[in-house]
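Here is what each chain is made of, one letter per residue.
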Amino acid sequence: MLPGADRQWLAIDNGPTNSASDNTVFLALNQLAFGWQVLSSPGSTGSTDPTGGFLYTNAAGTPTAAVTTDDRCGRLLFDPFNRMVYLPCNNGDHVDIWKAHVDPGQRTGLQFSLGTTPASPGGQIGLGRLFSDVAVDMAGNIYAVWVDIRNNNVYYSASPSAGTNTGSTYSWTTPVQINGDPANSNVMPWAVAGSAGILDIAFYGTDIRGDPNTFPSWYNNRIAATTVKWYTYLVQVRNAITNTPTINQVKASEHPTDYGQICTGGLGCTTSGGDRTLADFFTLAIDANGAARIVINDLTNQHHGASLFQLTQTAGPSALGTTLTPSTSNTATGVTDPSGDAQVLHYSPAGAGANQPALDLVSLQLSQPNQAHLTVTLTLQSLSSLLPPPGTTGLLWLTRWQFLSTGDTGEESYRIFYLGANSTAGQPPVFFAGTGTSATSTGVMGNGCITNTPQNCKVILYPNEISETGSINAAKNTITITAPLTDIGNPIRGDILYSVTALTFAFTTPNKILTDADTTRVFDYVLGKGPQPTCPQGSMCRVTGGGYIFVDQQQDHGTFTIEVTVDPTGRIHGKAAYNDPAAGLDFRTILIASATFNRNAATISGNGVANNVSTNFSIGVQDNAEPGAGQDTFSINLQTGYSKSGVLQGGNIQIH
């Protein structure tokens, strides 16, 4: 055990032979008392191997010998072409590249030397945009990649000689900026090289210019945060080893993956109240076909909770110099899934558990029986028995997606919706829909996510919020659930349900942590049918205002605010809130499913929370005069039984 260790990076030497004896795991870490160390361990020969990957020794010298005391170093990399291990480190206006040659099977006695890149054009490389990175192509050319914190641009420099400088002469090419509008501010570059001279770089970028640490934090102002939209970008550089590279930039993500501030101050973000939810988990790799595969965190759901996704390049030039041709479109009505892969448990020291036929997904299909409903059909390997695995209470079948809607305070959100079914102790299943609420801005936990600190979502939950119509057919091994579109965000024709996927779990009451069994691949579903917009096509309707009505003979106040818009596409945005202190009621909308405008009147309905308990609602307003006190009207009806209406005694309502 090494005390005071931070920021571990792994690199693997698979050795020149097929034998495990020449495999090595290298581990770089910053031991705060000494500096950056590179350790090594033999590759594991199996689950009974007590040494490989468990016991580490210093690869560079004595147990505490440091390679460098540079403040922050990036990903450790092993180059099989030159048999070199590289450690890139930020150092003022340039990147230090520490390197050592590794003989086959060598794990100790590595001799590290230093190469340095030319100065960054902006003049400052720091932790503020996180770590510099290094990549090596199949010809052994090395590339250093970084973000300059003074201009927020991404740069690379290349070296054909393993980064070795001769005297005062750099072996590196002049730094080249690889990002362009709308990627104007950028963080977290990750680089992978393929064939000679081809370099792929992924990063998060936004069109807003500035220091990402200074952007509005979702935790402080959700609506302001959504004005800063982060996308995942992929850049491919060809002829990257020359002074005349060709650069192509694309948005790899189909919608934003984060909003607002990205705090890059490490643990300091926690003490300063900064938004570190994105963390710095980010990976780019290339597969056997040369396609880029990017693993990202997506925080655009209503919880601002980090959900892992993989983005896969399906078309265009590959990192291997070939051209990729898409085999299938990601837009579909369903997918199939292999059988026999629903083990519970998947991972255990004693080995994987048995396959669970009732949780083993074979296919997922979405359809629309009419313009007002959506149907999910799941096919399982066998539904002859619904008994849960030993030690668990029941079974859960879930289909989830994200849809451009509103968050719990009216902000833009690619909100999670789902249709599901669950069976307890082998009984017939119940069918449901839901979306789940986030923690409030004051930190009161919602029903859709477990938080560890106020508003900080850690485990997404899928509560049974609305009962739906469903059926199970044991002869066909299918589960079918049909829900009104108004129960799942009220999408309209042409809207996209992003990343639709089916998942199955075993659960144990009352433990909220589910035991995963199976999942399908994701696809996007385009709604072919849907409700007509509630405004004339191409126009916008809006209701705004606030004030109070009398709620009893003592003239206690029922106070409200409302701001709801139906845009020209028919999408509903906004929120409303209502407070009646005399009744002890505090209500806010979560999801506005419908908004109807009729001249000077408007009615909105959907789901909200009354004293942090979920409830359906309907609010009606009339704009009868300017100012509205004494003539405008307001009414509210909650599923809980609360109902009030009256003429405004103060305030005003405007319908535009």
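All of these numbers come straight from a predicted model, not from anything done at the bench.

Digging into the state of the cysteines
Link 1 in the chain: One pass over the structure, following the stated rule, counts two disulfides.
Link 2 in the chain: In this model, C73 is linked to C89 through a disulfide, with the two sulfur atoms separated by 2.0 Å. Around the S-S axis, the bridge from C73 to C89 shows a dihedral of about 95° and counts as right-handed. Of this pair, C73 sits in strand 5 (residues 72-73) while C89 is found in strand 7 (residues 84-91), placing the two residues 16 residues apart along the sequence. By the burial criterion, C73 is buried, and C89 matches it.
Link 3 in the chain: With a sulfur-sulfur separation of 1.8 Å, C449 is cross-linked through a disulfide to C457. The chirality of the disulfide connecting C449 with C457 is right-handed, given an S-S dihedral of about 80°. We note that C449, like C457, is buried.

Structural notes on the side chain of S318
Link 1 in the chain: Turning to its location among the elements, S318 is positioned in the loop between strand 22 (316-317) and strand 23 (323-324).
Link 2 in the chain: Under the relative-accessibility criterion, S318 is labelled buried at 0%.
Link 3 in the chain: Those residues within four positions of S318 in sequence are excluded, and the remaining contacts are I198, Q236, R238, N289, G290, A291, Q313 and L324.

Here's the deal with the nonpolar core
Link 1 in the chain: One finds F26 and L76 to be the most contacted residues of the largest nonpolar core, which totals 41 residues.
Link 2 in the chain: Ranked by the residues each element gives to this core, the list is headed by strand 14 (residues 185-193), at four residues.
Link 3 in the chain: The contacts of L76, once residues within four sequence positions are left out, are W9, L10, A11, F26, L27, A28, V38, V85, Y86 and L87.
Link 4 in the chain: V376, L378, F417 and A421 belong to the second-largest nonpolar core, a separate cluster that totals 38 residues.

Examining empty space enclosed by the protein
Link 1 in the chain: Per the counting criterion, the structure on display carries three cavities of 30 Å³ or more.
Link 2 in the chain: Considering only enclosed or pocket space, the largest cavity measures out at about 120 Å³ in volume.
Link 3 in the chain: Lining the largest cavity we find W9, G74, R75, L130, F131, S132, D133, M188, P189, W190, D280 and F282.
Link 4 in the chain: The leading source of residues in the lining of the largest cavity is strand 14, at three residues.
Link 5 in the chain: In terms of residue class, the lining of the largest cavity is made up of seven nonpolar, two polar and three charged.
Link 6 in the chain: In this model, the second largest cavity occupies a volume close to 90 Å³.

So, unusual backbone geometry
Link 1 in the chain: Residue P182 is reached from D181 by a cis peptide bond, and omega for that bond is 10°.
Link 2 in the chain: With respect to the element layout, P182 can be found in the loop between strand 13 (176-177) and strand 14.
Link 3 in the chain: T509 connects to P510 through a cis peptide bond whose omega is 0°.
Link 4 in the chain: As for its placement among the helices and strands, P510 is situated in the loop between strand 37 (496-508) and strand 38 (511-519).
Link 5 in the chain: A positive phi angle, close to 60°, is found at N477, a residue other than glycine.
Link 6 in the chain: The residue N477 is located in the loop between strand 35 (469-473) and strand 36 (478-484) in this model.
Link 7 in the chain: Owing to a relative accessible area of 18%, N477 belongs among the buried residues under this scheme.

Points about the packing of aromatic side chains
Link 1 in the chain: With the rule as written, the count across this model stands at 17 aromatic pairs.
Link 2 in the chain: The ring of Y231 carries K251 above its face, with NZ or CZ at 3.7 Å from the centroid.

What counts as what
- Within any chain, residue numbers begin from 1 and follow the written order of that chain's sequence.
- Two thresholds apply to this predicted model, a pLDDT of at least 70 for residue-level local features and 80 or more for giving and counting side-chain atom pairs, whereas whole-chain, interface and lining totals are computed over all residues.
- Only heavy atoms go into the side-chain values, all of them from the structure, while hydrogens and water stay out.
- Two cysteine sulfur atoms form a disulfide, by the criterion used here, when they sit within 2.5 Å.
- Each helix is a run of DSSP H or I of at least 4 residues and each strand a run of E of at least 2, with the numbering of both proceeding from the N terminus.
- To sort residues, take the accessible area from a 1.4 Å probe on protein chains only and compare it with the maximum for the residue type: under 20% means buried, over 50% means exposed, and anything in between is partly exposed.
- The contact definition used throughout considers only heavy atoms, calling two residues in contact when any of these lie within 4.5 Å.
- Residues enter a nonpolar core if they are buried and are Ala, Val, Leu, Ile, Met, Phe, Trp, Tyr or Cys, with the set joined through side-chain atoms within 4.5 Å.
- Any residue with an atom within 4 Å of a point lines the site, the site being either a cavity, points on a 1 Å grid over the protein atoms alone where a 1.4 Å probe fits but cannot get out, or a pocket, an open set with protein on both sides within 12 Å along at least 5 of 7 lines.
- Grid points are joined across faces, edges and corners, and a volume is the space filled by probe spheres set on the points.
- Polarity classes work like this: nonpolar for Ala, Val, Leu, Ile, Met, Phe, Trp, Tyr, Cys and Pro, charged for Asp, Glu, Lys and Arg, and polar for all others, with Gly in that last group.
- Side-chain rings of Phe, Tyr and Trp (the six-membered ring for Trp) are treated as a pair once their centres are within 6.5 Å; stacked means planes under 30 degrees apart, edge-to-face means over 60, and tilted covers the remaining angles.
- Consider the ring centre and the ring normal. A charge sits over the ring if Lys NZ or Arg CZ is within 6 Å of that centre and within 35 degrees of that normal.

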